[in-house]
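Structural characterization, general
So you can see what is in the structure, the chains are spelled out below.
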Amino acid sequence: MIYKYIGLLWLAISTAPALAAGDVAAGQQKSTSCQACHGAKGKAAVPLYPNLAGQNSAYLAHALQAYKKGDRSGGQAEVMKAFVAGLSEQDIADLSAYYGSLKP
């Protein structure tokens with residue numbers, strides 16, 4: 001029975017995408033262009049835009065990568081594509097860590 005759990009753990013670890021560790025302070029510095037829509041502390045004033053404060057950082061990184069690759073469409077996707085086009089993987093990790101660290 002223990003081998004079954006070890007096998008499942010190994011499978012989960014070996015197939016998980018590699019995520020760069022994000023730096024919260026660096027993410028805060030990089031968030032200035034996000035603030036117009038998502039608010040200074042990740043809480044949007046306009047209902048059209050989602051709140052980012054307290055969001056799962058892995059989800060945020062995945063979403064930003066999807067915008068960058070063009071895998072998301074509709075809504076504000078075209079606006080987001082323009083904002084993320086110049087972001088590096090580390091920028092994405094830092095922004096995701098920052099918004100994930102904020103209180104919702």
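Since the model is a prediction, treat every value here as computed from it, not as a measurement.

Per the counting criterion, the structure on display carries three salt bridges. The shortest N-O distance in the salt bridge between Lys30 and Asp91 comes to 2.8 Å. Taken together, the residues Lys30 in helix α2 (residues 24-30) and Asp91 in helix α6 (residues 89-101) connect sequence positions 61 residues apart. Here Asp91 falls in the buried class, since its relative accessible area comes to 17%. Glu78 is paired through a salt bridge with Lys81; the nearest N and O atoms lie 3.0 Å apart.

Moving on to the packing of helix α4 (residues 57-69) against helix α5 (residues 77-84). Between α4 and α5, the least distance of the axes is 8 Å, while the angle of their chain directions is 95 degrees. Between α4 and α5, the angle is such that the two are roughly perpendicular. Residue-level inspection shows Leu64, Tyr67 and Lys68 of α4 in contact with α5, the latter providing Ala77, Met80, Lys81 and Val84. Class assignment of the residues belonging to the contact of α4 with α5 gives a composition of five nonpolar, no polar and two charged.

Note on terminology: a disulfide is the covalent bond linking the sulfur atoms of two cysteines. Per the counting criterion, the structure on display carries zero disulfides. Cysteine Cys34 is unpaired, with the sulfur of Cys37 as its nearest cysteine sulfur at 8.9 Å. Assessed through its relative accessible area of 18%, Cys34 is described here as buried. Classification of Cys37 by relative accessible area gives partly exposed; the value is 22%.

Take the side chain of Gln65 next. For Gln65, the location among the structural elements is in helix α4. Among the polar contacts made by the side chain of Gln65, one reaches the side chain of Glu89 at a distance of 2.9 Å. Non-local contacts of Gln65, meaning those with residues more than four positions away in its chain, are made with Glu89 and Ile92.

By the secondary structure assignment, Phe83 is in helix α5. Residue classification places Phe83 among the partly exposed residues on the basis of a relative accessible area of 44%. Along the sequence, Phe83 and Tyr67 sit 16 residues apart, while their C-alpha atoms lie 9.1 Å from each other.

Counting 16 residues, the largest nonpolar core has Val84 and Tyr99 as the members making the most contacts within it. Elements represented by at least two residues in this core include exactly α4, α5 and α6. Setting aside anything within four residues of it in sequence, one finds Val84 in contact with Leu64, Tyr67 and Lys68.

Each value, and the rule that gives it
- Each chain has its residues counted from 1, running along the sequence as written.
- Under the rules for a predicted model, residues below a pLDDT of 70 receive no local features and side-chain atom pairs below 80 are neither given nor counted, while totals for whole chains, interfaces and linings still include all residues.
- Excluding hydrogens and water, the side-chain values take into account all heavy atoms of the structure.
- One side-chain nitrogen of Lys or Arg within 4 Å of one carboxyl oxygen of Asp or Glu is enough to make a salt bridge.
- Elements are defined by DSSP. Helices are runs of H or I of four residues or more, strands are runs of E of two residues or more, and each kind is numbered from the N terminus.
- Partly exposed residues are those whose accessible area sits between 20% and 50% of the maximum for their type, while under 20% is buried and over 50% is exposed, using a 1.4 Å probe and protein chains only.
- Throughout, an axis means a line fitted to C-alpha atoms (over the contacting stretch in the case of helices), and angles, computed between N-to-C directions, take values from 0 to 180 degrees.
- These descriptions rest on fixed angle ranges, namely under 35 degrees for roughly parallel, over 145 for roughly antiparallel, 65 to 115 for roughly perpendicular, and the rest for oblique.
- In what follows, a contact means two residues having at least one pair of non-hydrogen atoms within 4.5 Å.
- Residue polarity is assigned by list, with Asp, Glu, Lys and Arg as charged and Ala, Val, Leu, Ile, Met, Phe, Trp, Tyr, Cys and Pro as nonpolar; anything else, Gly included, falls into the polar class.
- We call a pair of cysteine sulfur atoms a disulfide when they lie within 2.5 Å.
- Within 3.5 Å is the distance limit for a polar contact, defined as a pair of N or O atoms, with the added protein rule that one can donate a hydrogen and the other accept it, and that residues adjacent in sequence qualify only through two side-chain atoms.
- Side-chain atoms within 4.5 Å link the members of a nonpolar core, which is a set of buried Ala, Val, Leu, Ile, Met, Phe, Trp, Tyr and Cys residues.

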